[in-house]
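Here is what each chain is made of, one letter per residue.
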Number of protein chains: 2
Amino acid sequence: MGSASFSSAADMQSTLLAGEPNGPSIKTAIPGPKAKAVADNLGEVFDTRALNMLADYRKSHGNYIVDPDGNTLLDVYAQIASIPVGYNNPALLAAAKSDDMMQALINRPALGNFPSVEWASILRTGILKAAPPGLNQVFTALAGSDANETAYKAAFMWRRQKERGGPSVEFTEAEMDTCMTNAGPGAPNLSILSFKSAFHGRLFGSLSTTRSKPIHKLDIPAFDWPRATFPELKYPLEEHAEENAKAEADSLAEVEDLILNFHAPPAAVVVEPIQSEGGDNHASPAFFRGLREITRKHGVLLIVDEVQTGVGATGKFWAHEHWDLPFPPDMVTFSKKAQTAGYYFSDPELRPNKPYRQFNTWMGDPARAIIARAIIEYIEKNDLVAQTARVGDYMFGKFEALAAKYPGQFANLRGKGQGTFIAFDNPKRDEFLLKAKTFGVNIGGSGANAVRLRPMLIFQEKHADILVEALENVVKAL
Amino acid sequence: MGSASFSSAADMQSTLLAGEPNGPSIKTAIPGPKAKAVADNLGEVFDTRALNMLADYRKSHGNYIVDPDGNTLLDVYAQIASIPVGYNNPALLAAAKSDDMMQALINRPALGNFPSVEWASILRTGILKAAPPGLNQVFTALAGSDANETAYKAAFMWRRQKERGGPSVEFTEAEMDTCMTNAGPGAPNLSILSFKSAFHGRLFGSLSTTRSKPIHKLDIPAFDWPRATFPELKYPLEEHAEENAKAEADSLAEVEDLILNFHAPPAAVVVEPIQSEGGDNHASPAFFRGLREITRKHGVLLIVDEVQTGVGATGKFWAHEHWDLPFPPDMVTFSKKAQTAGYYFSDPELRPNKPYRQFNTWMGDPARAIIARAIIEYIEKNDLVAQTARVGDYMFGKFEALAAKYPGQFANLRGKGQGTFIAFDNPKRDEFLLKAKTFGVNIGGSGANAVRLRPMLIFQEKHADILVEALENVVKAL
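Small disclaimer: the values here were computed from a predicted structure and weren't measured. Per chain, residues are indexed from 1 in the order of the written sequence. Written order decides the labels, with chains lettered from A and ligands numbered from 1. With pLDDT at 70 or above as the cut-off, local features in this predicted model cover only qualifying residues; side-chain atom pairs require 80 or more to be listed or tallied, and sums for whole chains, interfaces and linings still use all residues. Values reported for side chains reflect all heavy atoms of the structure, with hydrogen atoms and water molecules removed beforehand.

Caption draft 1: Examining the overall build of chain A more closely. The number of helices and strands found in chain A is 16 helices and 14 strands. Both definitions apply: the radius of gyration is a C-alpha atom measure, and the globule rule equals 2.2 Å times residues to the power 0.38. Taken over the C-alpha trace, chain A has a radius of gyration of 23 Å; the compact-globule value for 478 residues is 23 Å, and the two agree within 12%. On the principal axes, the C-alpha backbone points of chain A span a range of 70 × 55 × 50 Å. Expressed as a percentage of its 478 residues, the buried residues of chain A come to 66%. By definition in these notes, contact holds between two residues if any of their heavy atoms fall within 4.5 Å. For chain A, long-range pairs separated by at least 24 residues make up 74% of all intrachain contacts whose partners lie at least 6 apart in sequence. Where accessible areas are quoted, they stem from the Shrake-Rupley method and a 1.4 Å probe; at the residue level, only the protein chains shown are allowed to cover. Accessible surface for chain A amounts to roughly 15,400 Å². Of this, 53% is attributable to carbon and sulfur atoms. When charges are tallied, Lys and Arg are placed among the positive residues and Asp and Glu among the negative ones, while His and the ends of the chain are skipped. Where a charge lies is defined by one atom per residue type, namely NZ (Lys), CZ (Arg), CG (Asp) and CD (Glu). Here chain A contributes 49 positive and 55 negative side-chain charges, whose respective centroids are spaced 3 Å apart. Comment: elements are numbered from the N terminus, with helices defined as DSSP H or I runs of at least four residues and strands as E runs of at least two. Buried residues are those whose accessible area, probed at 1.4 Å on protein chains only, stays under 20% of the maximum for their type, while exposed residues exceed 50% and partly exposed ones sit between those limits.

Now the structure itself:
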């Protein structure tokens, strides 16, 4: 994504933010009486035990979420990091009202069989305009889990095709027979290598690579796939350079060992640029360059899971653009702030050698692809990637000051130079999150102790000031 | 779904159908020059090797699909059986333009954490209004694959909870440790039992239960889960009553044997009312009642996959309503013509005992749930389930006549009394499907030799006449 010119476009964001409240306003306990009544009604037919907060989206605006009792909160959780450009953004509303959208909603195509005449243009002017450097193809999906799983499928087919001797070599009878009983060689003994604390989704293949928490994995059968240690960096980074470098080297050595020796050879390594659900665990660009080199060396694909890190929040459109890779990842998966999903790639051999091998009825949703196009255009026009870099630097400085003032309360502060993708650990994390609501902030956690900041891309310095003041009050009140 | 009153509502369908062309009209080869140009452009960025036909949806109407070269075809494939009430249906357009839709599109919630104040009402007046008899809860999803996989997850958690001694029994340390390495007991050695020729989706868990064709499964690692024989009925049914009954009894015996003896015990049996992708394979209501009894007897859940059969085409809203079950299935999954997805259930123990066990960021899409609501309302107001029963009977008679006139060309005609869910085998099936386009019919195949009819619910006797005439011409031309 190149930088975009300002001009009248910058006014788009100003107009949106001008409609925001001046700050949070808390009128009742959360949930208040109205929220409770709505939740009770919903709970009769829909599992509400993970309910965080009921929302009245018609009244929410920009960076602020409003609940049925009229409580107004600065939202730096943003639907688990999935709202890119604010509630009730007029540019998205225009896309929602468009004739293209009406068509997408009422005439939903089976995109692999019967694509519309508009589909190429929707992709080229939207999802593909934001493609990571070096990647120019997309397979569209519906959410992060199936984006990752279809990428894994592409990796397995690619690997077996290579072993078989290329795309023109036919399947054997034995392969065709055994795959029908889920046995080898047709259903091969291959794997996807992932990292400790990783999160890649919750369907059966993606969950087999997710290593975040037991509650995500308990009681679900899983593939016997390898797990490497993700480097556990110590903070502040500048004080632990040597041991952090060793942790990363050890991790890379472990990856290489698993590639060479694990009993189900990995077809791909999947990695998040910043382990998000796992607790905002970072590694250095050098680590990721090493990972790229090792995978390339051994003919293993590198899948970068940008479901949470992608689409601008880290100060780059794609977080892996921070790494200065010598050649691009083989596949990059996306969802969340794209409001749609899929994986990017460029190697023609990642298109399976026959039709119907990578296929499903809908293969995505044009309605959500049209929203993605409007998001990408809005980000460009308002130069929001540069904004997250700028605001993130500003906010990181503020948190460094808080960390110094309240030792242990903003521990392991991380995300410097990573836009607004900032996190810290707090010893009473769950209480911290609840208390934040009473000070007008909706904020999320991840991993065991992390508080993670996931503001939208329209989050500015003035919002950072409100946030930092509120979190200081939280710590004082804990 | 109770029957609905006619009145002015019936005019809705009449108005829609009045806008249809009088019949198909073929102007060029398919693909014609314009379609080829569009496909070439799309093919640069998106895999088009499964392309069946480019479509111009703005010009398509009701039962007719139009391509960029102006070819107009009667569409009895309907986006792989996923278009319920016709192209450019005004009732769906009204839903697409609604304020509820605008909110759903531009403020997409994480439904498990931050549901909207409207969500309960969207469910109650839509998806849940169409719930199968005896089921009153729903877990929403995005497509058939994740609907099935989340149902499987619910089954595994239910099973382990029962083995553990109930919802209040805590997980052991060993379970929590081992699940993180994808090993037992935390990742249990349990399975989902499916049938030969079944199709339940193409992600890793659902694909492990799919047994349709090698091309769907080759090179993808799969779980070692059991597969039972689906009865292979012989047609006409009345001439093979005894051997068909034996085939069904044998199949049930095999299911019971696998439940008792397979090395990875099944937590659930998943079955389609009519195996659709597998070739339109039917079984009798008695077979399904037997399956319900066996599963209940052994504490195994029964999941009925109504992704393709659901939402009216079989002359019942849900195909399993034909079975006269003594008690409902434990879960019923849906997608396709619902234009959204999920699974219905009623047992409170199928809600896992803790939050975040069955969870993901979006947990469905309210935009598609609003379309589902409009579809369900339209079906009710226009009494379309009764219509598919009536039109299906009419059309089946016509095909019986064709089958008698052209021996072997409409072989194993099946779907009597199953609405418009009719299929037959043809020895030159692939050629038949291509040739049908030249006579103005877009029609699909399944299994090895089947031609499957999947008209929309607004398909009437006049359309059946056009279809039957065209298919007779196809056979004459083969």
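Caption draft 2: Broad picture of the domain arrangement of chain A. Residue and element names in this part refer to chain A. The source of the domain bounds is an automatic or database domain assignment. Segmenting chain A into domains produces domain 1 (10–44 + 56–89 + 383–477) and domain 2 (100–380). When each unit is reduced to the centre of its C-alpha atoms, the spacing between domain 1 and domain 2 is 29 Å. Every contact between the two is made by 33 residues of domain 1 and, on the other side, 26 residues of domain 2. Simply put, the buried area is the total loss of 1.4 Å probe accessible area from both parts when two parts are fitted together. Interface of domain 1 and domain 2: buried area, both sides summed, is about 2,500 Å²; carbon and sulfur atoms make up 57% of it. For the domain 1 face of the interface with domain 2, the top three residues by lost area are V385, Q418 and F421, together amounting to 24%.

Caption draft 3: Geometry of the interface of chain B and chain A. The interface is formed by 125 residues belonging to chain B together with 126 residues belonging to chain A. Summed over both sides, the interface of chain B with chain A buries roughly 11,500 Å², with 59% coming from carbon and sulfur. Salt bridges are counted wherever a side-chain nitrogen of Lys or Arg sits within 4 Å of a carboxyl oxygen of Asp or Glu. In this assembly, chain B and chain A are joined by 16 salt bridges. R58(A) is the partner of E118(B) in a salt bridge, and the nearest nitrogen-oxygen pair spans 2.3 Å. We call two N or O atoms a polar contact when they sit within 3.5 Å, provided that within protein one can donate a hydrogen and the other can accept it, with sequence-adjacent residues counted only if both atoms are side-chain atoms. The tally of links between chain B and chain A comes to 80 residue pairs in polar contact (both at pLDDT 80 or more). For the side of chain B that touches chain A, the element with the highest residue contribution is helix α7 (residues 144–164) of chain B, accounting for 9 residues.

Caption draft 4: Seen up close, the side chain of R211(B). Within the secondary structure layout, R211(B) lies in the loop between α9 (204–209) and α10 (214–217). One buried charged residue, R211(B), forms no salt bridge at all, with the nearest opposite charge on D224(B) at 7.1 Å. A polar side-chain atom of R211(B) sits 3.1 Å from the main-chain carbonyl oxygen of M180(A). Here the side chain of R211(B) touches W225(B) through a polar contact of 2.9 Å, landing on its backbone oxygen.

Caption draft 5: Structural detail: unusual backbone geometry. Going from Y235(A) to P236(A), the amide bond is cis rather than trans, its omega being -5 degrees. You can see P236(A) is positioned in the loop between β5 (227–228) and α11 (241–261). One non-glycine residue, A78(A), lies in the positive phi region at around 55 degrees. Among the secondary structure elements, A78(A) is positioned in helix α3 (residues 78–81). Backbone geometry places D280(B), a non-glycine residue, at a positive phi of 55 degrees. Within the secondary structure, D280(B) is located in the loop between β6 (266–271) and α12 (285–297). Its relative accessible area of 0% is what places D280(B) among the buried residues.

Caption draft 6: Geometry of the environment of P21(A). All names here are of chain A. Relative to the elements of secondary structure, P21 occurs in the loop between α1 (10–18) and α2 (33–43). For P21, a relative accessible area of 31% puts it in the partly exposed group. Separated by 353 residues in sequence, P21 and A374 have C-alpha atoms that sit 25 Å apart. Dropping the residues within four chain positions of it, P21 is found in contact with Y64 and T72.

Caption draft 7: Structural context of the relation of the copies chain B and chain A. With an RMSD of 0.0 Å, chain B superimposes on chain A once it is rotated by 180 degrees and translated 0.0 Å along the axis. Seen this way, the second copy is the image of the first under a two-fold rotation axis. Using C-alpha coordinates, one finds that chain B approaches the rotation axis most closely at F204(B), a distance of 2.8 Å. Most of the interface of chain B is mirrored in chain A, where 100% of its interface residues are also at the interface. Superposition of the copies was done by least squares, using only C-alpha atoms of residues whose pLDDT is at least 70 in both.

Caption draft 8: Helix α12 (residues 285–297) of chain A, seen in detail. Residue and element names in this part refer to chain A. By this rule, a helix spans an expected 1.5 Å times one less than how many residues it contains. Here α12 contains 13 residues, and its C-alpha end-to-end distance of 18 Å stays within 8% of the 18 Å for a straight helix at 1.5 Å per residue. Inspection of α12 places F287, F288, G290, L291, R292, I294 and T295 among the buried residues, and these make up the whole buried set. Buried residues belonging to α12 abut β4 (191–195), α11, β6 (266–271) and β7 (301–305).

Caption draft 9: The packing of helix α5 (residues 99–106) of chain A against helix α4 (residues 90–97) of chain B, seen in detail. Only the stretch in contact is used when a helix axis is fitted, and all axes are lines through C-alpha atoms; the angle between N-to-C directions ranges over 0 to 180 degrees. For the pair α5(A) and α4(B), the least separation of the axes is 9 Å and the interaxial angle reads 125 degrees. Taken together, α5(A) and α4(B) sit at an angle that is classed as oblique. Crossing geometry of α5(A) relative to α4(B) is assigned as right-handed. Contact residues: M102(A), L105(A) and I106(A) in α5(A); L92(B), L93(B), A96(B) and K97(B) in α4(B). Of the residues belonging to the contact of α5(A) with α4(B), the class tally is 6 nonpolar, no polar and 1 charged. Put simply, angles under 35 degrees are roughly parallel, angles over 145 are roughly antiparallel, angles from 65 to 115 are roughly perpendicular, and the rest are oblique. Whether a crossing is left-handed or right-handed is set by the direction in which the near helix is turned from the far one by less than a right angle, anticlockwise for left-handed and clockwise for right-handed. Note on residue categories: nonpolar means Ala, Val, Leu, Ile, Met, Phe, Trp, Tyr, Cys or Pro, charged means Asp, Glu, Lys or Arg, and polar means any other residue, Gly included.

Caption draft 10: Representation of the nonpolar core. As used in this record, nonpolar core signifies buried Ala, Val, Leu, Ile, Met, Phe, Trp, Tyr and Cys residues forming a set joined through side-chain atoms within 4.5 Å. If you look at the biggest cluster of nonpolar residues, it comprises 225 residues, and the most contacted ones within it are Y344(A) and Y344(B). Inspection of this core shows a minimum of three residues originating in each of domain 1 (10–44 + 56–89 + 383–477) and domain 2 (100–380) of chain A.

Caption draft 11: How the structure looks around the sheet that holds strand β2 (residues 72–75) of chain B. Residues and elements named next belong to chain B. By definition, two strands form a pair when at least two bridges between them are found by DSSP. As summarised here, the arrangement of the 3 strands in space is β1-β2-β12, forming an open sheet in which the pairing is mixed. Looking at strand neighbours, the two that pair on one side only are β1 (64–66) and β12 (441–442), the edges of this open sheet. Bridge count for β1 against β2 is 3 bridges, and the pairing is antiparallel. Following the sheet pairing, Y64 is matched in β2 by L74.

Caption draft 12: A look at the pairing of strand β4 (residues 191–195) of chain B. Residues and elements named next belong to chain B. Buried residues dominate β4, accounting for 5 of its 5 residues. In terms of strand pairing, β4 meets β6 through 3 bridges, oriented parallel. Note on β6: the bridge partner recorded for L193 is V269. Strand direction decides the pairing type here: β4 and strand β5 (residues 227–228), joined by 2 bridges, are parallel. Paired with S194 across the bridge in β5 is R227.

Caption draft 13: Molecular detail of the sheet that holds strand β10 (residues 411–414) of chain A. All names here are of chain A. Read across the sheet, 4 strands follow the order β10-β11-β14-β13 without closing on themselves; strand pairing throughout is antiparallel. Lying at the two open borders of the sheet, with one neighbouring strand each, are β10 and β13 (444–446). Each neighbouring strand pair of the sheet contributes to a mean axis angle of 25 degrees, computed without reference to strand direction. Across 3 bridges, strand β11 (residues 423–425) lies against strand β14 (residues 450–452) in antiparallel orientation. Residue pairing in the sheet places D425 in a bridge with A450 of β14.

Caption draft 14: Region of the structure containing helix α13 (residues 366–381) of chain B. Residues and elements named next belong to chain B. Helix length check: α13 (16 residues) gives 22 Å between terminal C-alpha atoms against 22 Å at 1.5 Å per residue, within 8%. Taking burial as the measure, the 16 residues of α13 include 13 buried ones, the bulk of the element. The backbone nitrogen of A367 has a side-chain oxygen 2.8 Å away, supplied by the residue at the start of α13, namely D365. Of the residues flanking the end of α13, it is D383, one or two places downstream, whose phi is positive at about 50 degrees.

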